[in-house]
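Summary of the model geometry
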Amino acid sequence: MKAEKILIIGANGQLGSALTVELQSRFGIANVIASDINFHKTPEGQCEILDVTDYDALYKIVNTYQVTQLYHLAAILSAKGEASPLKTWDFNIQTFFNVLEVSRLCKVEKVFFPSSIAVYGEHTQRVNAQQYTNLIPTTVYGISKVAGENWANYYFRKYNLDVRSIRFPGVLSYQTLPGGGTTDYAVDIFHKAIKQESFECFLNPDTTLPMIYITDAIRAAIDLMAASTKQITVRTSYNIAAMSFSPKQLSNAISKYYPKFKITYKPDFRQQIADSWPISIDDTKAKDDWGWKSEYNLEQTTEIMINNLKPKQLFN
Ligand code: AKB
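Remember, predicted model here, so these are calculated numbers, not experimental data. (Residues numbered from 1 in each chain as written. Predicted model: local features only at pLDDT ≥ 70, side-chain atom pairs only at ≥ 80, totals over all residues. Heavy atoms only, no water.)

1. So, helix H6 (residues 185-194)
Put simply, the rule is: Buried residues are those whose accessible area, probed at 1.4 Å on protein chains only, stays under 20% of the maximum for their type, while exposed residues exceed 50% and partly exposed ones sit between those limits. Only DSSP runs of H or I covering at least 4 residues are called helices, and only runs of E covering at least 2 are called strands; the numbering of each starts at the N terminus.
Across the 10 residues of H6, seven count as buried, placing the element largely inside the fold. Of the residues making up H6, those classed as buried are Tyr-185, Ala-186, Val-187, Ile-189, Phe-190, Ala-193 and Ile-194.

Shown next, in the form of structure tokens:
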């Protein structure tokens, strides 16, 4: 069997750092190249500093390592993106085109790019949002993801570039903090709880959003990349679902471990973004095509988050 050479762009981020470790354990540490514009902590194994807006720098890395699989995770997310819409559009689109073009020219065999529930917006059913439905997002991040999905489909049809994608819900992880998303509260809340501090939530208590635990998210991406070409019938991006909960439900789950935990609510501009997203997702296509199935619910995720963050807190 031919050895894979896997490049991760955005390996310092929330998804990227966990994905790097998992891919290294599955494919061998020498076959995974972790890249980012900087690293908080240099990962074990092969590592490259890469500004993915720099086409030549990306080309050089892909060509030098003879990359066979590429995961492009760098993006400006929903909440942060609203502070500078044009910069967000430029970054999200330019980096994706660099990835598509370099992958096409260097004959990368498979490309993964994460889309998001942020593709949904006006005139989408909020319960069980369908795979194929209106995509009229309210954020520049969402607009860039809808465009990205369509370009992924275009590159597959026109150039036979094997681009695969998942619309991720909010991701919960203890390893790293997310940055700039509307769903970030669901991670930040744990960091306050384990310090026995109260948490001020920027969403209303009943704002239900789709979420996923990091292990499920990483497994989904790797399983999709491992599926045979004929299993993949969606070339824009697959819906996946795991759990849906509101800040109040999450706070209640945390209170089982910290009965004195206190949450207050002060909704800001992110409330409007959250209100434009569905509360649950229909993931039938992903289940039927490549066997997607989530494993972690709110209770399990809460237990894992607390058990892993608590020891870290003791050593800080
Ligand atoms: C965000 O909140 O912007 C992201 C996402 C749902 O894509 N976590």
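Back to the text.
2. Observations concerning the domain arrangement of the chain
Put simply, the rule reads: For every domain, the bounds stem from an assignment made automatically or drawn from a database. For this analysis, residues touch if any pair of their heavy atoms sits within 4.5 Å. Defined in terms of a 1.4 Å probe, buried area is the accessible area two parts forfeit on being brought together, summed over both.
Parsing the chain into structural domains produces domain 1 (6-171 + 212-239) and domain 2 (173-209 + 243-279 + 296-314). Relative placement of domain 1 and domain 2: their C-alpha centres are 25 Å apart. In this assembly, 26 residues from domain 1 lie in contact with 26 residues from domain 2. Carbon and sulfur atoms make up 63% of the surface buried where domain 1 meets domain 2, a total of about 2100 Å² over both sides.

3. Overview of the sheet that holds strand E9 (residues 209-213)
Counted only if it meets this: Here, any two strands with at least 2 DSSP bridges between them count as paired. Note on definitions: angles span 0 to 180 degrees between N-to-C directions of axes, and those axes are lines fitted to C-alpha atoms, for helices only across the stretch in contact.
Ordered by their spatial adjacency, three strands build an open sheet running E7-E9-E11, and the pairing between neighbours is mixed. Pairing within the sheet leaves two strands with one partner each, and these edge strands are strand E7 (170-172) and strand E11 (243-245). Taken over all neighbouring pairs, the strand axes of this sheet differ in orientation by 45 degrees on average, direction set aside. Two elements, E9 and E11, share three bridges in a ladder whose sense is antiparallel. Pairing of Pro-210 across the sheet is with Ser-244, part of E11. In this fold H6 packs onto E7, E9 and E11, with an angle of close to 25 degrees to the strand it touches most, E7.

4. Thoughts on helix H1 (residues 14-27)
Filter applied, for reference: For a helix, the expected span equals 1.5 Å multiplied by the number of residues minus one.
With 14 residues, H1 extends 20 Å between its outermost C-alpha atoms, agreeing within 8% with the 20 Å of an ideal straight helix rising 1.5 Å per residue. Buried within H1 are the following residues: Gln-14, Leu-15, Gly-16, Ser-17, Ala-18, Leu-19, Thr-20, Leu-23 and Gln-24. After H1 finishes, the residue Gly-28 shows a positive phi value of roughly 100 degrees.

5. Remarks on the nonpolar core
Side chains that are nonpolar tend, in soluble globular proteins, to be buried together. Stated precisely, the cut-off is as follows: Here the nonpolar core consists of buried residues drawn from Ala, Val, Leu, Ile, Met, Phe, Trp, Tyr and Cys, with membership extended through side-chain atoms lying within 4.5 Å.
Counting 74 residues, the largest nonpolar core has Tyr-71, Tyr-185 and Trp-290 as its most contacted members. Among the elements that line this core, the one with the most residues is helix H7 (residues 214-226), at eight residues. In terms of domain composition, this core takes at least three residues from each of domain 1 (6-171 + 212-239) and domain 2 (173-209 + 243-279 + 296-314). Once residues lying within four places of it in the same chain are set aside, the contact partners of Tyr-71 are Ile-6, Leu-7, Ile-8, Ile-9, Leu-19, Leu-23, Phe-112, Ala-221, Ile-222 and Met-225. By size, the runner-up hydrophobic cluster in this structure holds 24 residues, among which are Leu-70, Leu-100, Val-108 and Ala-152.

6. Some points on the packing of aromatic side chains
Put simply, the rule is: Any two rings among Phe, Tyr and Trp, with Trp reduced to its six-membered ring, count as a pair given centres within 6.5 Å; such a pair is stacked if its planes are under 30 degrees apart, edge-to-face if over 60, and tilted if neither. Should the NZ of a Lys or the CZ of an Arg lie within 6 Å of a ring centre and within 35 degrees of the ring normal, that charge is described as sitting over the ring.
Scanning the entire structure with this criterion turns up 14 aromatic pairs. Between Tyr-71 and Phe-112, the ring centres sit 5.6 Å apart and the planes meet at 40 degrees, which makes this aromatic pair tilted. Taken together, the residues Tyr-71 in strand E4 (residues 69-72) and Phe-112 in strand E5 (residues 110-116) connect sequence positions 41 residues apart. Take Tyr-71 and Phe-112: they sit in the same class, and that class is buried. Taken together, a centroid distance of 4.9 Å and an interplanar angle of 55 degrees make the contact between Tyr-213 and Tyr-296 tilted. Note that Tyr-213 is positioned in strand E9 and Tyr-296 in the loop between helix H10 (284-290) and helix H11 (298-315), a separation of 83 residues in sequence. Here the basic side chain of Arg-235 rests over the ring of Phe-156, its NZ or CZ set 3.8 Å away from the ring centre. The aromatic ring of Phe-202 is capped on one face by Arg-270, whose charged end is 3.6 Å from the ring centroid.

7. Brief notes about the packing of H6 against helix H8 (residues 247-255)
What counts here: By definition in this entry, angles of less than 35 degrees are roughly parallel, angles greater than 145 are roughly antiparallel, angles of 65 to 115 are roughly perpendicular, and the rest are oblique. Crossings are sorted by hand: turned counterclockwise from the far helix by less than a right angle, the near helix makes the crossing left-handed, and turned clockwise it makes it right-handed. Polar here means any residue other than Ala, Val, Leu, Ile, Met, Phe, Trp, Tyr, Cys and Pro, which are nonpolar, and Asp, Glu, Lys and Arg, which are charged; Gly is therefore polar.
Remark: H6 packs on H8, axes separated minimally by 11 Å, with the N-to-C direction vectors making an angle of 30 degrees. As judged from the angle between their axes, H6 and H8 are roughly parallel. Judged by the sense of rotation from one axis to the other, the crossing of H6 with H8 is right-handed. Two secondary-structure elements touch here, H6 through Tyr-185, Ala-186, Ile-189, Phe-190 and Ala-193 and H8 through Pro-247, Leu-250 and Ile-254. Here the residues of the contact of H6 with H8 are counted per class, giving eight nonpolar, no polar and no charged.

8. Brief notes about the layout of surface pockets
We count it as follows: Of the grid points, spaced at 1 Å and generated over the protein atoms alone, those admitting a 1.4 Å probe that cannot get out make up cavities, while open sets with protein on both sides within 12 Å along at least five of seven lines make up pockets; any residue with an atom within 4 Å of a point is treated as lining. Grid points are joined across faces, edges and corners, and a volume is the space filled by probe spheres set on the points.
Its volume calculated, the largest pocket comes out at about 1100 Å³. As for the largest pocket, its lining consists of 43 residues, and the residues nearest its centre are Gly-13, Leu-73, Ala-75, Leu-77 and Gly-179. Only H1, helix H3 (78-81), helix H4 (85-105), E5, helix H5 (140-159) and E7 provide two or more residues apiece to the lining of the largest pocket. Among the residues forming the lining of the largest pocket, the class breakdown is 21 nonpolar, 16 polar and six charged. Around the second largest pocket sit 15 residues that line it, and Ser-17, Val-21, Lys-41, Pro-43 and Thr-176 are the ones nearest its centre. Split into classes, the residues belonging to the lining of the second largest pocket amount to five nonpolar, eight polar and two charged.

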